[in-house]
Amino acid sequence: MSEAVYDVVIVGSGPGGYVAAVRAGQLGMRTAIVEAGPMGGVCLNVGCIPTKALLHSADLLDEVKEGKRFGVMVEGVSFDLAGAMKHKNAVVKASSDGVNFLMKKNKIEVVNGWATLTGRGQVHVKLNAGGERTLQAKHILVATGAQPRPFPGVPFDHTRVLSSTDALQLPAVPQSFMSIGAGAIGIEFASMYRAFGAEVTVVEALPRIVPNEDEEVSAELVKAFQRRGIKTMAGARVEGIDTSGEHIVVNVTGTDGKTTAITVEKLLVAIGILPNTKDIGLEAAGVTLDQRGFITTDGYMRAADGIYAVGDCVAATPWLAHKASAEGILAIEHLAGLHVTPIDYGKIAACTYCSPEIASVGLTEAKAKEQGYEVKVGKFPFSANGKARVLGQNRFGFIKIVADKQYDEILGVHMIGPRVTEMISEGGLALTHEATGESMLQTIHAHPTLYEAIGEAAHALVHGAAIHI
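Keep in mind that what you see is a predicted model, and the values were worked out from it rather than measured.

A. Layout of the packing of helix α1 (residues 17-26) against helix α4 (residues 81-105). At a minimum axis distance of 9 Å, the contact between α1 and α4 shows a crossing angle of 25°. One element, α1, and the other, α4, form an angle in the roughly parallel class. Like other packed secondary-structure pairs, α1 and α4 cross with a definite hand, here left-handed. Of the residues in α4, those in contact with Y18, A21 and V22 of α1 are V99, L102 and M103.

Below, the structure is given as structure tokens:
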């Protein structure tokens, strides 16, 4: 007796896949989700959630060490990596269990195994428990994610040459730690392991660290990292990596043309991702991959007739968990026949959870000028913010608003400083609602808060000067 046909079969349970499944369940669709590993994908298990758990331990450690400034006397402060890992693992388990609960609540059938597309509307699953099964579906949604990309010619050995997954599972804090790559992943691990006590170096091939951020944000992070003792080498070229000895030797050529041999105990390679699109039947199903192996889709996440794709396996950037979730909802609502609007990828917030934090949405000042805008800028430093002083986090950071000079429309909001990842949503709301500097200024921001710095930056944008500087 053949199986009933599913309305949608989802391959992958990361933040793109499981959110799509929940939305499908809410719409009354008969839905199955196929996952070979733990529910939640990279994000919940070896990405966003565990990284932020360890970063919280790092922030707490730094704060306790400075307790004397606030009249809190803590003697003999020490760090237990095993304890931090235990907290991280507990958070991961609770998050993954939460996804399993959502599947039951929304009547989603979970199929544990490795999926391959084998024909029109067919997903063949090699079951983890043994045996095989073929699922029939009106629609298929591919959400297989991605994996860390190794340095050319130097594979991950998972003990010294590390992927981001490996860096979440170290048994001890290394004496020395290097990240090749200064995007969000490399910067977060650099910040974390410096707080834990390692000597840290960050190497970036592009002219500046966090290269996708506004130039002033990059410069501010360099100053903050210098104060913390983190060495940054931007515009640097890795000439070779020698793993033959007890420690790793990385030969790096700097902007001055000189090559330096840097010896480190642990080396994190954080130079991008590879999509999980090989050997799962995509090409035979009519799905087109770009030259890097990412799936190409239209604005509604359609990859082929009856097949949708979302998340890190898709060519559309940025590759972020919340972007994947938004794509998952969009794809499900589109295949359900609802009216939907394609995602504006230029209005997706990005967050980096280093110390100090970074958050941004929209165009940088340089990008706005490249696109032909005559721009105006409003800035306000956290050094003049009362709540930042209260927290003792006013040494570095600012809010920067970029707007079109002619129409006053907000084009981008850029932040570096305390807890800015919790504040960037106001910038995102401003962009999606086509807010102006004047309308942001008219929003009265509560005092004393960190986010009133946004109101001050808006005042600087509209009137040429903030109030409190």
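B. Representation of the pairing of strand β2 (residues 31-35). Burial analysis of β2 places five of its five residues in the buried class, the great majority of the element. The side-chain alternation of β2 yields two buried faces, one formed by T31, I33 and E35 and the other by A32 and V34. The sheet contact formed by β2 and strand β3 (residues 109-119) spans four bridges and is parallel. Residue E35 lies in a different strand from β3, and its bridge partner there is N112.

C. Spatial organisation of the nonpolar core. Within the largest apolar cluster, 50 residues are counted, with the highest numbers of intra-cluster contacts made by M103, L135, L141 and V142. Looking at this core, the element that brings in the most residues is α1, giving six residues. Formed by 35 residues, the second largest nonpolar core is a distinct cluster that contains M85, M192, A198 and I358.

D. How the structure looks around the packing of aromatic side chains. One pass over the full model with this rule turns up five aromatic pairs. An angle of 15° between the planes, with centres 4.1 Å apart, marks the rings of F79 and F196 as stacked. Residue F79 is found in the loop between α3 (48-65) and α4, and its partner F196 is found in helix α6 (residues 184-196); the two are separated by 117 residues along the sequence. What makes F79 partly exposed here is its relative accessible area of 25%. According to the relative accessible area criterion, F196 is buried, its value standing at 8%. On the basis of an interplanar angle of 90° and a centroid distance of 5.6 Å, the ring pair of Y193 and F196 is categorised as edge-to-face. Pair noted here: Y193 and F196 are both in helix α6, with a separation of three residues, about one helical turn. For the pair formed by Y193 and F196, the shared burial category is buried. Of the aromatic side chains, those joined through ring pairs into one cluster are F79, F177, F189, Y193 and F196. Seen from the ring of Y6, R30 lies directly overhead, with NZ or CZ sitting 4.5 Å from the centre. Positioned above the aromatic ring of F398 is the side chain of K379, whose terminal nitrogen or guanidinium carbon lies 4.4 Å from the ring centre.

Reading the values: rules and limits
- Residues numbered from 1 in each chain as written.
- Predicted model: local features only at pLDDT ≥ 70, side-chain atom pairs only at ≥ 80, totals over all residues.
- Heavy atoms only, no water.
- Axes fitted to C-alpha atoms, helices over the stretch in contact; angles between N-to-C directions.
- Helix = DSSP H or I, 4+ residues; strand = E, 2+ residues; numbered from the N terminus.
- Parallel < 35°, antiparallel > 145°, perpendicular 65-115°, else oblique.
- Left-handed = near helix turned anticlockwise from the far one by under 90°.
- Contact = heavy atoms within 4.5 Å.
- Buried < 20%, exposed > 50% of the residue type's maximum accessible area, 1.4 Å probe, protein only.
- Pairing = 2+ DSSP bridges.
- Core = buried A, V, L, I, M, F, W, Y, C linked by side-chain atoms within 4.5 Å.
- Phe/Tyr/Trp six-rings, centres within 6.5 Å; stacked < 30°, edge-to-face > 60°.
- Lys NZ or Arg CZ within 6 Å of the ring centre and 35° of its normal.

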